[in-house]
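Listed below are the residues making up each chain.
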Amino acid sequence: MDVPDEVSLKYCADIIKRGGTVAFPTETVYGLGANALDGAAVEKIFLAKRRPGDNPLIVHVARREELDRLVTRVPAQAERLIDLFWPGPLTLILPRSWAVPDQVTAGLDTVAVRMPRHPVALALIRAAGVPVAAPSANLSGKPSPTSGLHVLRDLAGRVNLVLDGGRAEVGLESTVLDLTGDCPLILRPGGVSREELEQVLGQVALDPALAQDHSGLLKPRSPGLKYTHYAPAARVFVIRAALPERLPEALVRLVRRARTRGKRVGLLLTAETAREFIRQKIQPDYLEVMGSRNRPQEIAARLFEALRNCDRHRLDLVYAESIPEKGIGLAVMNRLLKAAGYRVIRL
Ligand code: TXA
Ligand code: MG
């Protein structure tokens, strides 16, 4: 993606400097940015998104040195992760400094910081000359935007500017890693996998509230994760098949049953299952081929658009195929299960 010319970039950066809001592309999803050191500017983000005020924001930096102003301590583990994964989809939770306004951290004594690797995001933060607070640029509760068009659909008229940088490459948000406790803890799985983190840190724990059988029972440590999220208007069901070869037939039965009940039904499938399903010659109201089971990063990049498409096709029911919770698959399934309200059909 080309970086906008200097005049355009300065125009966008000036909006941020003057306390306005700019939506911009990152490699994960689009963000809605404002000057992170200006509490009044940050409040505009919450208003535009209709985001609950107790859900803290991630502060985005373009240079490692900017981190020192935002936190009181950078532990050795953080230094190693920064060397390896910044710029990139890894957000670190660290003890906050006095420089970070309460609006950003929702009053917590920690702050979330990341350095995105999208050239437009980096250029914008550099030109603004301040750290940029930015949540995903969707209306609260909707799937995160992975294109400029998604942002416009949610936020047109509610923000000062939308900077379009094409499709987001990763398609899911950053991994949120808490380094303030005894053991590194993943609060939200994302673009950097647990396995990659464990190679550097040894053991890395998952917030127990993320395990699906605890859903709704434990309070997540990351405030944002307690809200409904990513959910289309349709009822979404995740299908877990012990034997993937039985899936196409089962889907035929589910689609037929939905039809006889007069429901509009959609399927979100891997390429492998879709190929077999199509042979059965029954048409759902919507079929999204998310990508190959062997390339989960393709599925990650399509997932949020797929969930948005479910709404555009006015579906009542959606059946989504599960994938193994390895690598980025863990983040894919985390978002999908949330979208499904943890409704799972086991075959
Ligand atoms: O990839 C991303 O992370 C994108 C792009 C724009 O950078 N941003 C993003 O922001 O996903 P948002 O606000 O949608 O998600 C941030 C998550 C929320 O679940 C929030 O509760 C959590 O990070 N968070 C932020 N500050 C925190 C803190 N101090 N302690 C615990 N969780 C925190
Ligand atoms: Mg978000």
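Within each chain, residue numbers correspond to sequence positions counted from 1 in written order. In the order they appear in the text, chains get letters beginning with A and ligands get numbers beginning with 1. For this predicted model, a pLDDT threshold of at least 70 governs which residues receive local features, and a threshold of 80 or more governs which side-chain atom pairs are given and counted, while totals over whole chains, interfaces and linings are taken from all residues. For the side-chain quantities, the full set of heavy atoms in the structure was used; hydrogens and water were omitted.

Asker: Quick rundown of the overall build of the chain? Include the residues and the values.
Answerer: Helix and strand definitions here come from DSSP, where helices need a minimum of 4 consecutive H or I residues and strands a minimum of 2 consecutive E residues; each element is numbered from the N-terminal end. Broken down by element type, the chain carries twelve helices and 15 strands. For 347 residues, the compact-globule formula gives about 20 Å, and the C-alpha radius of gyration of the chain, at 20 Å, lands near that figure. Each of the three principal axes of the chain carries a C-alpha extent, and together these read 60 × 45 × 35 Å. Out of the 347 residues belonging to the chain, those deemed buried represent 58%. Residues count as neighbours in contact if any of their non-hydrogen atoms are within 4.5 Å of one another. Once local pairs closer than 6 in sequence are excluded, the contacts in the chain between residues at least 24 apart make up 67%. The globule rule used for comparison is 2.2 Å times the number of residues to the exponent 0.38, while the radius of gyration itself is calculated over C-alpha atoms. For the exposure calls, accessible area comes from a 1.4 Å probe over protein chains only, and a residue counts as buried if that area is under 20% of its type's maximum, exposed if over 50%, partly exposed in between.

Asker: Any chance you could break down the packing of aromatic side chains for me, citing the residues and the numbers?
Answerer: We call Phe, Tyr and Trp rings a pair once their centres come within 6.5 Å, taking the six-membered ring for Trp, and we label the pair stacked below 30 degrees between planes, edge-to-face above 60, and tilted otherwise. Throughout the structure, instances matching the rule amount to one aromatic pair. Either the NZ atom of lysine or the CZ atom of arginine qualifies as a charge over a ring when it sits within 6 Å of the ring centre and within 35 degrees of the ring normal. Over the face of the ring belonging to F237 we find R343, whose NZ or CZ atom lies 5.5 Å from the ring centre.

Asker: How would you explain helix α4 (residues 76-85) if you had to name every residue and give the values?
Answerer: Within the span of α4, buried status applies to A78, L81, I82 and F85. Along the long axis of α4, the arc covered by the buried residues comes to 105 degrees, so they all point the same way. Projecting away from the buried face of α4 at angles above 90 degrees are the exposed residues A76, D83 and L84. Each element contacted by the buried residues of α4 is listed here: α3 (67-70), β4 (90-95), β8 (175-178) and α8 (194-201). Here, the arc refers to the directions that run from the helix axis to the C-beta atoms.

Asker: Give me the pairing of strand β9 (residues 185-188): which residues, what numbers.
Answerer: When DSSP finds two or more bridges between two strands, those strands count as paired. Here β8 pairs with β9 via three bridges, running antiparallel. The residue bridging V176 from the neighbouring strand is R188, located in β9. Counting the residues in the hairpin turn of β8 and β9 gives six residues. Handedness of the crossover joining β9 and strand β10 (residues 205-206) through α8 is recorded here as right-handed. Note on handedness: a crossover is taken as right-handed if, strands pointing away from the viewer, the path from the first strand over the helix to the second is clockwise.

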